[in-house]
Amino acid sequence: MAFENPSREEIKEILLNAGNIAVVGLSDKTDRTSYMVAQALQNNGYHIIPVNPTVNGEILGEKVYSSLSEIPEPVDIVNVFRRSEQTPPVAEEAVKIGARVLWLQLGISSDEAYEIASNGGLKVIMDRCIKVEDSILIGKRK
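- Per an unreviewed UniProt entry, the protein chain goes by CoA-binding protein and derives from Paenibacillus puldeungensis.

In structure tokens:
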């Protein structure tokens, strides 16, 4: 069966119930899309958790982790800014840490990552921008 994103109503529920969003591939460069999206999410009241093995210290005032498995708190959404072919291992790790949702950003999709995540009990959203969905469906949370 072909992949289909959850309905807008389901996506709205996912966002309303999300607190911690791990952002895999979050750049520390302010002109990068990942940075701008994470900053917008943070400004809307979500707790973002940067995941980037090449950055030490903090991004947007939050401690950076080199992998999902290093994060010491529950993760609701794993938001991915990696090339499609790099997403299956991220999906495996998202399942391992008990995340609820694997969200592949706009332009990113992977049947393999979808299979891994959905078989592991995660909701999967692909090829959608979490910032756009949040602004359309939720608006300001604060």
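## Topic: the overall build of the protein chain
1) Next: Of regular secondary structure, the protein chain possesses five helices and seven strands.
2) Next: Of the regular secondary structure in the protein chain, the N- to C-terminal order runs α-β-α-β-β-β-β-α-β-α-β-α.
3) Next: In terms of overall dimensions, the protein chain is globule-like: its C-alpha atoms have a radius of gyration of 14 Å, near the 14 Å expected for 142 residues.
4) Next: If you line up the protein chain on its principal axes, its C-alpha atoms span 40 × 30 × 25 Å.
5) Next: By the burial criterion, 47% of the 142 residues in the protein chain qualify as buried.
6) Next: The distance from the centre of the 15 positive side-chain charges to the centre of the 20 negative ones in the protein chain is 5 Å.

## Regarding helix 3 (residues 87-96)
1) Next: Considered for burial, the residues of helix 3 that qualify are Thr-87, Pro-88, Val-90, Ala-91, Glu-93 and Ala-94.
2) Next: Each element contacted by the buried residues of helix 3 is listed here: strand 1 (20-24), strand 5 (77-80), strand 6 (101-104) and helix 4 (111-119).
3) Next: Just past helix 3, the residue Gly-98 takes up positive phi, approximately 80 degrees.

## Brief notes about the pairing of strand 6
1) Next: A two-sided burial pattern is seen for strand 6, the buried positions comprising Val-101 and Trp-103 on one face and Leu-102 and Leu-104 on the other.
2) Next: Pairing of strand 5 with strand 6 involves four bridges; the strand directions are parallel. Within strand 6, the residue paired with Val-80 across the bridge is Leu-104.
3) Next: In this fold, the crossover linking strand 5 to strand 6 by way of helix 3 has right-handed handedness.
4) Next: Pairing analysis gives three bridges linking strand 6 to strand 7 (residues 123-125), with the strands arranged parallel. From the neighbouring strand, Val-101 faces strand 7, where its bridge partner is Lys-123.

Definitions and limits used
Residues numbered from 1 in each chain as written. Predicted model: local features only at pLDDT ≥ 70, side-chain atom pairs only at ≥ 80, totals over all residues. Heavy atoms only, no water. Helix = DSSP H or I, 4+ residues; strand = E, 2+ residues; numbered from the N terminus. Rg over C-alpha atoms; globule rule 2.2 N^0.38 Å. Buried < 20%, exposed > 50% of the residue type's maximum accessible area, 1.4 Å probe, protein only. Lys, Arg positive; Asp, Glu negative; His and termini not counted. Charge placed at Lys NZ, Arg CZ, Asp CG, Glu CD. Contact = heavy atoms within 4.5 Å. Pairing = 2+ DSSP bridges. Right-handed = clockwise from strand over helix to strand, strands pointing away.

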